[in-house]
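# Results of the structural survey
Here is how the chains run, residue by residue.
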Amino acid sequence: MERGERNIDGKKRFIELAMQLQDHVPAALGHTTKIAAKHGDLNIHNLMIAGQKTYALDFLGISYAPVAYDIARVLLSYVQMVGDVDQIPNGQIVPPDITQAFWSGYDFIDQDDPSVQFLQKTQILMDWNRMPRNKSLDREIRFARLKKIARRAFGPAKPNRPT
């Protein structure tokens, strides 16, 4: 992006956040986490809920990643679509009510696993980078919500930097 080979909306802010993400690496280094088969595109569009059962659709081959990879994907997807982004505490990605609801029923890894926070912030940048270039209303709403989530997760833009 810095060389101009990839152009996205909000490129300057994106690059700033990508550089800032590096500050979060030390907290996750040296920590042992659990690895599992990854879904890769686990988001609320790929879930089917019927009564008390939930099914995930996955058409890709199997690969492995930290469990937090898919957790980050599904939680960010949910927050982007329907979460109350105004309730996200600074430094976080997910509002407290959603965080509590998810982790109260999940115990394969702990929510304090350093890979959870790191991969959630990474997922923000991945979603931003994959944002379609078309200017549909749906895309503009989603991008505005994603930028707001990024401001909560990473903090406000530095002076003289548009968001």
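What counts, and where the lines are drawn
- Residues numbered from 1 in each chain as written.
- Predicted model: local features only at pLDDT ≥ 70, side-chain atom pairs only at ≥ 80, totals over all residues.
- Heavy atoms only, no water.
- Axes fitted to C-alpha atoms, helices over the stretch in contact; angles between N-to-C directions.
- Helix = DSSP H or I, 4+ residues; strand = E, 2+ residues; numbered from the N terminus.
- Parallel < 35°, antiparallel > 145°, perpendicular 65-115°, else oblique.
- Left-handed = near helix turned anticlockwise from the far one by under 90°.
- Contact = heavy atoms within 4.5 Å.
- Buried < 20%, exposed > 50% of the residue type's maximum accessible area, 1.4 Å probe, protein only.
- Salt bridge = Lys/Arg side-chain N within 4 Å of Asp/Glu carboxyl O.

Between helix H1 (residues 11-21) and helix H5 (residues 114-129), the least distance of the axes is 11 Å, while the angle of their chain directions is 155°. Compared by their axis directions, H1 and H5 come out roughly antiparallel. Considering how the two elements wind past one another, H1 and H5 form a crossing that is left-handed. In this structure, H1 contributes Arg13, Phe14, Leu17, Ala18 and Leu21 to the contact, and H5 contributes Phe118, Lys121, Thr122, Leu125, Trp128 and Asn129.

With that settled, consider the packing of helix H3 (residues 67-81) against helix H4 (residues 96-104). Contact pair H3 / H4: the axes reach a minimum separation of 12 Å and the direction vectors enclose 140°. As summarised for this structure, H3 and H4 are arranged oblique, according to the angle between their axes. As for how H3 packs across H4, the hand of that crossing is right-handed. Contacts between H3 and H4 involve Ile71, Leu75, Tyr78 and Val79 from the former and Ile98, Phe102 and Trp103 from the latter.

Attention shifts here to the environment of Ala18. Tracing the chain through its elements places Ala18 in helix H1. Under the relative-accessibility criterion, Ala18 is labelled partly exposed at 27%.

The next subject is the pattern of salt bridges. Should their charged atoms come close, side chains of opposite charge can pair. For the structure on display, the rule yields 8 salt bridges. Of the charged contacts, one joins Asp9 and Arg133 as a salt bridge, the two residues approaching to 3.0 Å between their closest N and O atoms. Here the residue Asp9 occupies a position in the segment before H1, and Arg133 occupies one in the loop between H5 and helix H6 (137-154), the gap between them amounting to 124 residues. Salt bridges sharing partners connect three or more residues here, namely Asp9, Arg133, Lys135, Arg139 and Glu140.

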